[in-house]
Amino acid sequence: MAPLKVWQLQDLSFQTAARILAAPVELALVVMKDLSQNFPTKARAITKTAVSSELRTEVEENQKYFKGTLGLQPGDSALFINGLHIDLDTQDIFSLFDVLRNEARVMEGLHRLGIEGLSLHNVLKLNTQPSEADYAVDIRSPAIAWINNLEVDARYNSWPSSLQELLRPTFPGVIRQIRKNLHNMVFMVDPAHETTAELMSIAEMFLSNHIPLRLGLIFVVNDSEDVDGMQDAGVAIMRAYNYAAQEVDHYHAFQTLTQIYNKVRTGEKVKVEHVVSVLEKKYPYVEVNSILGIDSAYDQNRKEARGYYEQTGVGLLPVVLFNGMPLEKAQLDPDELETITMHKILETTSFFQRAVYLGELSHDQDVVEYIMNQPNVVPRINSRILTAEREYLDLTATNNFFVDDYARFTALDSQGKTAAIANSMNYLTKKGMSSKEIYDDSFIRPVTFWIVGDFDSPSGRQLLYDAIKHQKSSNNVRISMINNPKEDINYENTRISRAIWAALQTQTSSTAKNFITKMAKEGTAEALAAGADVGEFAVGGMDFSLFKEVFESSKMDFILSHAMYCRDVLKLKKGQRAVISNGRIIGPLEDNELFNQDDFHLLENIILKTSGQKIKSHIQQLRVEEDVASDLVMKVDALLSAQPKGDTRIEYQFFEDRHSAIKLRPKEGVTYFDVVAILDPVTRESQRLAPLLLVLTQLINMNLRVFMNCQSKLSDMPLKSFYRYVLEPEISFTSDNSFAKGPIAKFLDMPQSPLFTLNLNTPESWMVESVRTPYDLDNIYLEEVDSVVAAEYELEYLLLEGHCYDITTGQPPRGLQFTLGTSASPVVMDTIVMANLGYFQLKANPGAWILRLRKGRSEDIYRIYSHDGTDSPPDAGEVVVVLNNFKSRIIKVKVQKKADMVNEDLLSDGTNENESGFWDSFRWGFTGGQKTEEVKQEKDDIINIFSVASGHLYERFLRIMMLSVLKNTKTPVKFWFLKNYLSPTFKEFIPYMADKYSFHYELVQYKWPRWLHQQTEKQRTIWGYKILFLDVLFPLVVDKVLFVDADQIVRADLKELRDFSLDGAPYGYTPFCDSRKEMDGYRFWKSGYWASHLAGRKYHISALYVVDLKKFRKIAAGDRLRGQYQGLSQDPNSLSNLDQDLPNNMIHQVPIKSLPQEWLWCETWCDDTSKKRAKTIDLCNNPMTKEPKLEAAVRIVPEWQDYDQEVKQLQIRFQEEKAAAARGKEPRADGPQTHEEL
């Protein structure tokens, strides 16, 4: 284990890769696992490996691609399964298996549809996720009155007109003034509505400030003939505008408009009088009645504007369109609109820059035409179609059943029914090409509409008629029908449904289409009802006798099957309409809901853009006949689109894999997963990935490629740790068929000389503790160990994490408390909400839990408003969370103050301290179960001392510190220890010690939140726990806590320190001594950054401090400290003494009260004369002598050895009693010591 020279380290990454790739391919992963997991002992041997130039060149070639397409630097690692990126930092093994299951389900579906091998993977990698593109409507409508036009108005003459201006560099955030209509804003308003005035004043502001925006107006007013401008203010404004626009111009008309709105007082509605007075003033020579009255000639666009508004389907007024895209309602707030518009202008500028740069938009093109020809522009926006909540049918089942056998149909399951429906469909298409004629791939129609409705009722026929009308303009669409009759069927009330069915069964597609179009018209239905014969509606080319035979047959199984399908699978009520497009169910449509030609157009547009065309081009390569191919597109689309919205799949065809990749082929003829891993074999990631890939090779059939992504010119040892990944491919048994002992990590052949620390990396939401080991796992020195070092760990809790917000303020409610329990015991765990991200965490175990606000102030002031990610309906009063797997569980809770509590503050001083929840926990703290009132007397007279320790040496110091406190302090003491790092021996001994010295103790624990920058070294993590979570570690009822370092000896009564006034500061620390002059060279706070930052204040030591938790929480000190930590800790060189540098760095935001110097004496910094006044002695490290702590303790503190002996005697006694109890002689009665866990 002698350290390597720098020149030996340089090429280690490539040499390790060469060693792995030299192994036989089936052993390559095993070699990689062995080398990466035991790297420190293998490194010297690896330095002798030669690296071929082919390997080096290929890796360097690939790295260009890794960087360009995947954003990976040399040395980074990544894992892709079927093109999906698996982020091993955030995804644990359980979510990885979820991905595998989900992928298997889709691959199985494609396999069932007959798509296999490479084409299966090509189809799977298609990105069919609905794009987040905002749809826009066409603004090239005559209904819009444009106020200005940047391209022709004289006001803009001084601006440059070339689009090349877009590419000229400017300062960020500058809006370019170019004489082109690049940015168009249309205000669609009801002129009489009170919000309109504000919107118009913003439009006016844009105009007068020369913002490059072309502004348009659409007045949506009452369009009935008999309403005129003398009665209706809206009509009056519209006519006045039109008059001014005709007389002068639109810009002038707009000024008239703003004058009218200026007359209206805030909060009032505009009236006809306002319009009249403005007109009389501006145009005294004109009869107002002729403009506004019944005979007005100024009604231009009145009908068109309303028509445009209804046809575009943009929702409630007012609507503002930016380049045709409707802005959200929240963005129309006058304060918001300005900012949003500026954002939009800058956003679209970059879109135009790209278009001009790529030559897609040239100078002589009409810019508005270019914008309106973008694929996201549709004639009508229908929120039902655009919603993100989408439901799909499962079309992957196959069978040979049809709907005309009702008895058989009833016996099928829902997937079987869907298959039978699909089998029975005959489609209408635009051209009468049937598959029997020539095979031509242009006749794959990627969009299939199933129209669901009662075609013997007008609304069903209308839906069908609109679909057929749309089909006239598109050769991508096939249409068929599903009957959903309103009432019980008979021969009479199904005439049209039967006629349609008969035509589909017997006629060619084009004849059927012509005939069905006739059937869908209202006149036909009326004529048939009046007794006309269906033969009167026959169309040319129709084989009528064949049609008649089917039409007049009394067999109506198909309608019965359809009706049953609508009820059971589509979940529709009788007669309800719906549209199914490529398996996506849109509906049920309301009775009077408009779903017209334009909606079909939009629907087709979306399908083609997201999935249809892509799937079609792949299906074409399979060379199957037309009908089958179109069916396949529909079925594959439904399967792929129904996937939960995930990340896009990544294409990775272009990596070279001859010399620098491990390649394992899949088993032939079976569906396989496509797995690609990219890694550097000498990184922590490869220590994890190699064993994971080995397990996957046993679990799934996969085509695996592992690409090396080596770093060159290493200057440091790349891996300093030994690592084991505990994951077993299957349950193992012993020879006598019982379960083998749980999964084990074995470290064999370890070097004897180094000092090891054992550490666990567990999934984010696990709380694991060591439960059995006599060894000090922080300091394992194998030379001194006789046999094996064994440690047993247990999964103690699963974390339930969440984020909580107050819906009124949008801020996290600081100090709000949640409890987690069951109906039998409502409070099992409790927690406090942090202001950072409103984060909270609760420890739980598998089962069903109820989350409540804690009784007391939390419940009095707040109520739970809504919750997300839980297992109860959003409006349910009780929030139930079921933990039924090992994955992370994160919930969102929104709370609201109760109406009569709006001005109350959770952390205010007027709290009623008697909160039952916490008092229950305190009752345990005193002798068993006293009355709350008595506890209240004693409450102030207990000293809370917090300390952290890890490793046997520091636990020894900790016990001595406790003893020194107990010997010198008269008041009852309660110790709080951070449970996360205590050894099993300490946890076992502490109840005994508490009993013998009658003190109270409590173990608290908190999992480092995943969003807070993680420390990699254990010591630094412990330092973080000392300072970062003070506001959430302790119950709210604890209002003062003293932190005492484990390696301190106390010589005074700590009551004095607890009662010391902090003068309003949240915490008090002792400053560093200045009296030992020979150490001046080591006082880093006297110069450089610290000297200027502290500006004359003192630098404080973190070995002893007092925290006023009430004040600390009130000023959100914890949240400020975490915020500052998050910013500083990303830099590895900052916060070298984390627990000490952070509060000193924050001294201006979170003030520190300096405690008197005698409260902390430490030989390194304080002179010998001040030692006799010392109230505590700290064994600080001495940077000059580097004396070991134990030697220093014996030398500096005379009483230390006595304390040490006393604790040792107690431990011996404890072991004897324990051994005796184990032999069954003397079961030791637990005294009234108190032990609770938070």
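From a predicted model like this one, the values you see are computed outputs, not experimental measurements.

The subject of this paragraph is the overall build of the chain. Secondary structure summary: the chain contains 41 helices and 37 strands in total. Expressed along its principal axes, the backbone C-alpha trace of the chain runs to roughly 115 × 85 × 70 Å. Expressed as a percentage of its 1238 residues, the buried residues of the chain come to 52%. Residue pairs at least 24 apart in sequence account for 77% of intrachain contacts in the chain once pairs closer than 6 positions are excluded. Of the roughly 56,100 Å² of accessible surface on the chain, a fraction of 50% belongs to carbon and sulfur atoms. Across the chain, the 140 positively charged side chains and the 167 negatively charged ones have centroids separated by 3 Å.

Moving on, we get to the pairing of strand 15 (residues 673-679). Within strand 15, seven of the seven residues are buried, which leaves it mostly tucked inside the rest of the structure. Here strand 15 shows a buried face lined by Phe673, Val675, Ala677 and Leu679 and a second buried face lined by Asp674, Val676 and Ile678. When strand 1 (residues 78-81) meets strand 15, the two strands line up antiparallel, connected through four bridges. Note on strand 15: the bridge partner recorded for phenylalanine 80 is valine 676. Of the pairings in the sheet, the one linking strand 15 to strand 16 (residues 702-708) comprises seven bridges and is parallel in character. Bridge pairing links phenylalanine 673 to methionine 702 in strand 16. Taken together, strand 15, helix 27 (residues 684-699) and strand 16 constitute a β-α-β crossover, and its handedness is right-handed.

Moving on: the packing of helix 3 (residues 28-37) against helix 27. Axis separation between helix 3 and helix 27 bottoms out at 8 Å; the angle between their running directions is 150 degrees. Considered as vectors, helix 3 and helix 27 are oriented roughly antiparallel to each other. Relative to helix 27, the crossing made by helix 3 is left-handed. Along the contact surface, helix 3 presents Leu29, Val30, Met32, Lys33, Ser36 and Gln37, while helix 27 presents Ser686, Gln687, Ala690, Pro691, Leu693, Leu694 and Thr697. Here the contact of helix 3 with helix 27 is built from residues that sort into seven nonpolar, five polar and one charged.

What follows concerns the packing of aromatic side chains. By the definition in use, this model includes 47 aromatic pairs. Centre to centre, the rings of phenylalanine 544 and phenylalanine 547 are 5.5 Å apart; their planes meet at 35 degrees, and the pair counts as tilted. Here phenylalanine 547 and phenylalanine 544 lie together in helix 23 (residues 544-552), a separation of three residues that amounts to about one turn. In this structure phenylalanine 544 comes out as partly exposed when scored by relative accessible area, which is 24%. Residues phenylalanine 975 and phenylalanine 999 carry aromatic rings whose centres are separated by 5.3 Å and whose planes lie at 90 degrees to one another, so their mutual orientation is edge-to-face. Placement of the pair is phenylalanine 975 in strand 29 (residues 973-978) and phenylalanine 999 in the loop between helix 32 (984-997) and strand 30 (1000-1004), with a sequence separation of 24 residues.

This part takes up helix 4 (residues 39-46). Within helix 4, the full set of buried residues consists of Phe39, Pro40, Ala43 and Ile46. Each buried residue of helix 4 lies within a common arc of 105 degrees when the element is viewed along its axis, so the set occupies one face. Next to the buried residues of helix 4 lie helix 2 (12-22) and helix 3.

What follows covers unusual backbone geometry. Residue proline 318 follows leucine 317 across a cis peptide bond; omega there is -10 degrees. With respect to the element layout, proline 318 can be found in the loop between helix 13 (302-312) and strand 7 (319-322). Located in the positive-phi region is lysine 571, a residue other than glycine, with phi close to 60 degrees. Within the secondary structure, lysine 571 is located in the loop between helix 24 (557-568) and strand 12 (577-581). Unusually for a residue other than glycine, alanine 1095 sits at a positive phi of about 45 degrees. Among the secondary structure elements, alanine 1095 is positioned in the loop between helix 36 (1088-1094) and strand 34 (1100-1108).

Attention now goes to the pairing of strand 21 (residues 817-821). In terms of burial, strand 21 is a largely internal element, five of the five residues being buried. Residues Gln817, Thr819 and Gly821 of strand 21 are buried on one face, and the alternating residues Phe818 and Leu820, pointing to the opposite face, are buried as well. Across four bridges, the pairing between strand 21 and strand 22 (residues 829-832) is antiparallel. In the strand pairing of strand 22, glutamine 817 is matched with isoleucine 832. Bridge analysis of strand 21 against strand 24 (residues 847-853) gives four bridges, and the strand direction is antiparallel. What sits directly across from phenylalanine 818, in strand 24, is leucine 853.

Next up on the list: the state of the cysteines. Going through the model one piece at a time under the given rule, you end up with two disulfides. Put simply, cysteine 1162 and cysteine 1180 are joined by a disulfide, and their sulfur atoms are 2.2 Å apart. A residue pair is termed long-range when its members are at least 10 positions apart, and cysteine 1162 in the loop between strand 35 (1152-1154) and strand 36 (1176-1178) and cysteine 1180 in the loop between strand 36 and helix 40 (1189-1196) qualify at 18 residues. Judged by its relative accessible area of 1%, cysteine 1162 falls in the buried class. In the chain, the bonded cysteines, taken in the order they occur along the sequence, pair up as 1-3, 2-4.

Structurally, the position occupied by isoleucine 678 is in strand 15. Overall, isoleucine 678 belongs to the buried group, its relative accessible area being 0%. Sequence separation between isoleucine 678 and cysteine 710 is 32 residues, and the spatial gap between their C-alpha atoms is 9.7 Å. The residues contacting isoleucine 678, other than those within four sequence positions of it, are Phe66, Leu70, Leu72, Asp76, Ser77, Ala78, Phe80, Phe655, Phe707 and Asn709.

Okay, the nonpolar core next. Counting 103 residues, the largest nonpolar core has Phe977 and Phe1029 as the members making the most contacts within it. With seven residues, the top contributor of residues to this core is helix 31 (residues 952-968). Setting aside residues up to four positions removed in sequence, phenylalanine 977 forms contacts with Ser947, Leu958, Met962, Leu982, Phe986, Ile990, Tyr1001, Glu1002, Leu1003 and Val1004. Counting residues in each nonpolar core, the second largest holds 76 residues, with Val186, Ala502, Ile516 and Ala520 among its members.

The next point concerns the packing of helix 33 (residues 1018-1027) against helix 39 (residues 1138-1145). Contact geometry for helix 33 and helix 39: axes closest at 8 Å, N-to-C directions at 40 degrees. By the angle class used here, helix 33 and helix 39 are oblique. Between helix 33 and helix 39, the contacting residues are Arg1020, Trp1023, Gly1024, Lys1026 and Ile1027 on the first element and Leu1138, Asp1139, Leu1142 and Pro1143 on the second. Of the residues assigned to the contact of helix 33 with helix 39, the class counts are five nonpolar, one polar and three charged.

Further remarks concern the sheet that holds strand 5 (residues 184-189). Pairing within the open sheet is mixed, and its five strands lie in the order 4-6-5-7-8. Of all strands in the sheet, those bounded by a partner on one side alone are strand 4 (145-146) and strand 8 (325-326). Where strand 5 and strand 6 (residues 214-219) come together, six bridges link them in parallel fashion. Its bridge partner lying in strand 6, valine 186 is registered against glycine 216. Across the sheet, helix 14 (residues 334-357) lies against strand 5 and strand 7, angled at about 25 degrees from strand 7, the strand it touches most.

Turning our attention to the side chain of serine 561. When you line up the elements, serine 561 lands in helix 24. Among the residues examined, serine 561 registers a relative accessible area of 0% and is labelled buried. One polar contact links the side chain of serine 561 to the main-chain carbonyl oxygen of valine 403, over a distance of 2.8 Å. When residues no more than four places from it in sequence are discounted, the contact partners of serine 561 are Val403, Tyr406 and Phe409.

Cut-offs and rules
Residues numbered from 1 in each chain as written. Predicted model: local features only at pLDDT ≥ 70, side-chain atom pairs only at ≥ 80, totals over all residues. Heavy atoms only, no water. Helix = DSSP H or I, 4+ residues; strand = E, 2+ residues; numbered from the N terminus. Buried < 20%, exposed > 50% of the residue type's maximum accessible area, 1.4 Å probe, protein only. Contact = heavy atoms within 4.5 Å. Areas by Shrake-Rupley, 256 points an atom, 1.4 Å probe, with all protein chains shown as cover. Lys, Arg positive; Asp, Glu negative; His and termini not counted. Charge placed at Lys NZ, Arg CZ, Asp CG, Glu CD. Pairing = 2+ DSSP bridges. Right-handed = clockwise from strand over helix to strand, strands pointing away. Axes fitted to C-alpha atoms, helices over the stretch in contact; angles between N-to-C directions. Parallel < 35°, antiparallel > 145°, perpendicular 65-115°, else oblique. Left-handed = near helix turned anticlockwise from the far one by under 90°. Nonpolar A, V, L, I, M, F, W, Y, C, P; charged D, E, K, R; others polar. Phe/Tyr/Trp six-rings, centres within 6.5 Å; stacked < 30°, edge-to-face > 60°. Arc of directions from axis to C-beta. Disulfide = S-S within 2.5 Å. Core = buried A, V, L, I, M, F, W, Y, C linked by side-chain atoms within 4.5 Å. Polar contact = N/O pair within 3.5 Å; in protein donor to acceptor, adjacent residues only side chain to side chain.

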